[in-house]
Amino acid sequence: MRSYLQLSASSEPGALDAVARRYRLENGNSLGEKDELFGPPSAPVLENPEFQTRWYFKYFLGKMHQNYIGVDGSREPYLLSVVQEGGAGLLRAILFNKMGAHKIYLPPSAWSSGGGQAPTRPTVKQILSQFPAMERVDKVPREITCAELQKDVLLLEEQEGSVNFKIGVMLMKAGQKTDDEMLSNEEGDEKWQRFISLLGDKVRLRGWNRFRGGLDVKGDMTGSHSIYTMHQGHEIMFHVSTMLPFSKDNKQQLERKRHIGNDIVNIVFTEDSVHNTFNPQCVKSHFTHIFAVVSEVEGEGYKLSVYSDDTVPPFGPSLPCPPVFNDPQLFRDFLLVKLMNGEKAAFQTPTFALKRQRTLDSLIRDIYAEHCSDHKVPMLSRRALSDVWSGGAGASGAGAARTEHFLHIGQALKLDAVLRGDAPTSFASTGCGGSRRAPWEGRVWRAAPLPATPICAEQMSEGRLLLSTTSNTYILEESGTTRVVLRWEGCVRTARVTERAGLFRVGARMIAGGGSTTGGAGGAGLYALPVQELCAGAWAMRPLQDCKHARLPRTKTAHYFDLLETGEGGKTTLAVAIGRRVMIMIEESKTENEMGFEYVHIKDIQLSESPILIKLMDGEVEIMVVGYKHHWEVLDTSTAQSIKRAENSEDSGPRRGTLVNALRIGDERDGQIVLCYNHTCHFERLTSKGLESDGEYDFHWTTVPAAVVCAFPYIMAFAEDLLEIRLVANGSLVHAACIPGLKLLCGRKDIFYVACAPEYVPLSREFNPCLSLHDELVKQMSKQSGPYSVDEDENHDRDYYSPSSRTAPSENNSASSRSSSISSEQENMRPPLQRMAPISPPTSPQVLPENSGRCVRIYKIPQSNLSAGAYQRQSVSADQVVTSYFSDRPNSMRQRLAELRLDSKSRGGGDDETL
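Reading guide: rules and limits
- Residues numbered from 1 in each chain as written.
- Predicted model: local features only at pLDDT ≥ 70, side-chain atom pairs only at ≥ 80, totals over all residues.
- Heavy atoms only, no water.
- Helix = DSSP H or I, 4+ residues; strand = E, 2+ residues; numbered from the N terminus.
- Buried < 20%, exposed > 50% of the residue type's maximum accessible area, 1.4 Å probe, protein only.
- Contact = heavy atoms within 4.5 Å.
- Areas by Shrake-Rupley, 256 points an atom, 1.4 Å probe, with all protein chains shown as cover.
- Salt bridge = Lys/Arg side-chain N within 4 Å of Asp/Glu carboxyl O.
- Pairing = 2+ DSSP bridges.
- Axes fitted to C-alpha atoms, helices over the stretch in contact; angles between N-to-C directions.
- pLDDT = per-residue confidence, 0-100.
- Phe/Tyr/Trp six-rings, centres within 6.5 Å; stacked < 30°, edge-to-face > 60°.
- Lys NZ or Arg CZ within 6 Å of the ring centre and 35° of its normal.
- Expected span 1.5 Å × (residues − 1).
- Arc of directions from axis to C-beta.

*Asks:* What's the story with the overall build of the chain in this structure? I'm lost.
*Replies:* Across its full length, the chain holds 16 helices and 44 strands. The proportion of buried residues among the 915 residues of the chain is 56%. Within the chain, counting contacts between residues at least 6 apart in sequence, those at least 24 apart form 62% of the total. As displayed, the chain has an accessible area near 37,400 Å², and 49% of this comes from carbon and sulfur atoms.

*Asks:* In this structure, what is going on with the pattern of salt bridges? I would like to understand it.
*Replies:* Where charged atoms from two side chains of opposite charge approach closely, those side chains can pair. Taken as a whole and judged by the stated rule, the model has 30 salt bridges. Across the pair K338 and E26 runs a salt bridge, and its minimum N-O distance is 2.8 Å. Here E26 lies in strand β2 (residues 21-26) and K338 lies in helix α9 (residues 328-346), a separation of 312 residues in the sequence. Members of the salt-bridge network, linked through shared partners, are E76, K98, D361 and R365.

*Asks:* Explanation requested: the side chain of R505 in the structure shown.
*Replies:* Positionally, R505 belongs in strand β23 (residues 501-506). Not counting residues up to four positions away in its chain, the partners in contact with R505 are C491, V492, R493, T494, G525, L526, A558, H559, Y560 and F561.

*Asks:* What is the right way to read the pairing of strand β38 (residues 707-711) from this model?
*Replies:* The side chains of a regular strand alternate, first on one face of the sheet and then on the other. Here β38 lies mainly inside the structure; four of its five residues are buried. In this structure, β38 lies alongside strand β39 (residues 714-719), joined through five bridges in antiparallel fashion. Bridged to C710 within β39 is I715. Taking the residues that link successive antiparallel strands as the turn, the β38-β39 hairpin has two residues.

*Asks:* Looking at this structure, I do not really get the sheet that holds strand β25 (residues 560-565). What am I missing?
*Replies:* Here four strands make up an open sheet; going across it, the order is β25-β26-β27-β28 and the pairing antiparallel. Whereas interior strands pair on both sides, the edge strands pair on one side only; in this sheet they are β25 and β28 (597-606). Strand-to-strand twist in this sheet, taken as the mean axis angle between neighbours without regard to direction, amounts to 20°. Pairing analysis gives six bridges linking β25 to strand β26 (residues 572-578), with the strands arranged antiparallel. Considered in β26, the bridge of Y560 is made with A577.

*Asks:* What am I meant to see in the confidence of the model for the chain here?
*Replies:* This prediction gives the chain a mean pLDDT of 75; 72% of its residues lie at or above 70. Low pLDDT, under 50, characterises residues 1-19; the predicted model gives this stretch 53 contacts beyond four residues in sequence or across chains. The model gives residues 386-394 a pLDDT under 50, and that stretch makes 20 contacts with residues more than four places away or in other chains.

*Asks:* Help me understand the packing of aromatic side chains, please; the structure alone is not making it clear to me.
*Replies:* Think of a pair of aromatic rings as described by two things: how far the centres are apart, and how the planes are tilted against each other in angle. Under the definition given, this model contains 23 aromatic pairs. These aromatic residues form a ring-pair network of at least three members: W192, F195, F269, Y302, F325, F331 and F334. Residue placement shows R92 over the ring face of Y59; its charged tip is 3.8 Å from the ring centre. K414 extends its terminal NZ or CZ atom over the ring of F57, reaching a point 5.3 Å from the ring centre.

*Asks:* Is there a simple way to think about the pairing of strand β30 (residues 623-627) in this case?
*Replies:* In terms of residue burial, β30 counts as a mostly covered element, since five of its five residues are buried. Alternating residues of β30 divide into I623, V625 and G627 and M624 and V626, and every residue in both groups is buried. Where strand β29 (residues 613-617) meets β30, five bridges bridge the pair, whose relative direction is antiparallel. Across the sheet, M617 pairs through a bridge with I623, a residue of β30. With five bridges joining them, β30 and strand β31 (residues 632-636) adopt antiparallel strand pairing. The residue bridging V626 from the neighbouring strand is E633, located in β31.

*Asks:* Quick question: what am I supposed to make of unusual backbone geometry here?
*Replies:* Negative phi characterises most residues that are not glycine, and trans characterises most peptide bonds. In this structure, the amide linkage connecting G316 to the following residue, P317, adopts the cis form with an omega of 0°. Mapped onto the fold, P317 is located in the loop between β14 (301-309) and β15 (324-325). Omega for the bond connecting F712 with P713 falls within 30 degrees of zero, at 10°, which places this linkage in the cis form. As for its placement among the helices and strands, P713 is situated in the loop between β38 and β39. Its identity as a non-glycine residue notwithstanding, A640 has a phi of 65°, on the positive side.

*Asks:* Please clarify how helix α10 (residues 350-371) should be interpreted in this entry.
*Replies:* Along an α-helix, residues three or four apart share an orientation, since each turn contains 3.6 residues. With 22 residues, α10 should cover 32 Å at 1.5 Å per step; its first-to-last C-alpha distance of 31 Å lies within 8% of that length. Of the positions making up α10, those classed as buried are F352, R356, L360, I364, I367 and H371. Summarising the axial view, the buried residues of α10 lie within an arc of 85°, below the 170-degree limit, and thus occupy one face.

Structure (structure tokens):
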């Protein structure tokens, strides 16, 4: 990893101001790249895909929703949009302020008053309180019913960046060192022609009606042809230097530089296979932040190096080592995804972030000034969410006309964006590299309906699953075998398995629907049973009352426990929370004991209040993370002393809440703890001096998760009917899916979850799969019977079932796996955008499980698919994450990211002699 210092190339009047810029080099040799922080190179993943991040276009526009305008505690204006999906009370909300768009997903349970009562409709103030820094809004915002406001809100969302991309491509011949020399090349050799043909299709610019990337399509003022392609739903226009107008009298080639110099990302195709002649200092541009240096190595393939401005946050995918691609199509997929991710990351740099902040501030202030005068626009001042859009008050007469007008404006805006090609859609391809299966896609592990509602599970050896339900505890096998091992009638609340024992926390009996009864409370406690006897069914016929001899002493009122196993055959530590006390015990082998083992009490640790979560973590010092209702603390288990404690009143960081999970990342000597609470994933760095906040890497979920698991390089949040997957390294969203009935079973090894089978999910409406989106929109908008809600990506939202049971969007897999060349007859019409056909309910449904009315199935995500180990290494435990990856390296996640985010103070700038 090397860095360079860019100096002003000239001091003449009119020259660029002297700007010291540093670049980081990715060539596959750094630790961060070798450890594949962004996943394996063979499966490039598009970060923050627009079809999942552009919420207003996808979920709001063309549907009935509400918009509010107000000012926060700092007297800064903001705009809030809220939409209700379906009839179950699910809400999505977007808060626009000068810092950008903040999104939250609010399931019905967020407003449940408890006691089995139906969720109540939240107030606007309650919704605002879910956003960071909006907990104390004194004045309730005002609702704006003006239909034309939708255009302004859509404009706010578009400030996040363009859906389509323009990328500069330059040819660097032998001996050339400056951008003027590279831009003066009139033509290239056979390798150059082969490379630009690999990038995309050669298209005629005159009359071109798709994304043009700033090129002239009327009078050939910017050349007659260019290179164009579409990849994963994004249109890309390449500004190829040899295709742009050339001037013999202009050595600087300003016409070419006007386009290529204003591109955030440039590709430099060089004849130098060593990649040591290109210097990013030679390109004089304040706008270009990323350079991809490409060369064709005879007999090996394409070689790639990437230079990024030091202010650009790290982005994936990681380059292979060595960075040579034998397969041209794999190289093309990797390069396009890498450059698109790079441009998105570049928008977070100060150069673009400050401009976007000023633009958003100006737009929101203009909206506030325009719509917050009572004599201009009719206002509806309601404290709670209105029933106007859900068919309540105002559903007839003037209210119905206003609703129809509102829908018509939204649908027209949506259709216009689709026809312009500016819609954030996923029609071209939605997976990794087209038809290739995404690593996080779950497969049906058990298709048969479950015998009862699942409560908890634990993965055992040989691919078996220990499952506790509201009836009994079973051992399931993928082959379909189901054996009852415990008949404790729904009393098992948590289960864990070690090499010797199966541990079960027993509480009040769970019943269908998630409630509980007092039955079984007399046998409450923590039970330890021999694994071999458990698997053999020796305890299957024993009722709970006859198993009290297996209950650990002093654990009758235990409400939480955790295990820590240090390697195969190593020490097993057990922590049991009982009120405000945590008992620490060690598992020891005792052949004379009836069970064959014994848990020896070591010490008690007194806490300030009753914990709701405890997590044991190993390292140089064994620690325990304790989660309370509104804060957390980290304890040294050997001394019982607090290493760090965070509370609302003491911590200056984000607001604290119920700790969902604590995960360990890194090796034993230097690593990080990921604390998940509220919508936040917060990083704490483990050092010899204690814990240090690593807030630089904090990120936020769109909803409060019920469970969080980590399978490096991904971290996954399981919420009510929502799965969200992000990269650990930078928090970028890679996938989100609505999954009815979603519940995590276990994730310490492979990830198992249950979800409602897709054929039992009612479809919201009928859709003709033979029609394109364009035809469907025109058809629905032409109807006079009433408005129609358009969602161009609805079926993608139903991508919760196993991909093997659905039809993926088709993509041309021939030659270049991209859009085929556009003939002259096709230039006047945008190709139809295809949709997946909905799955019809079966005529003879299977027996449904108790309490739900929906058939749930068990799905499995093998951790070997998610981790880099799928290609080079073995998978590891999700709780230990990457300990085995870096056992021979003392580098933490922070240090490895530092290799990608160079410290200018500790590394000197490069010069021409060091290149």
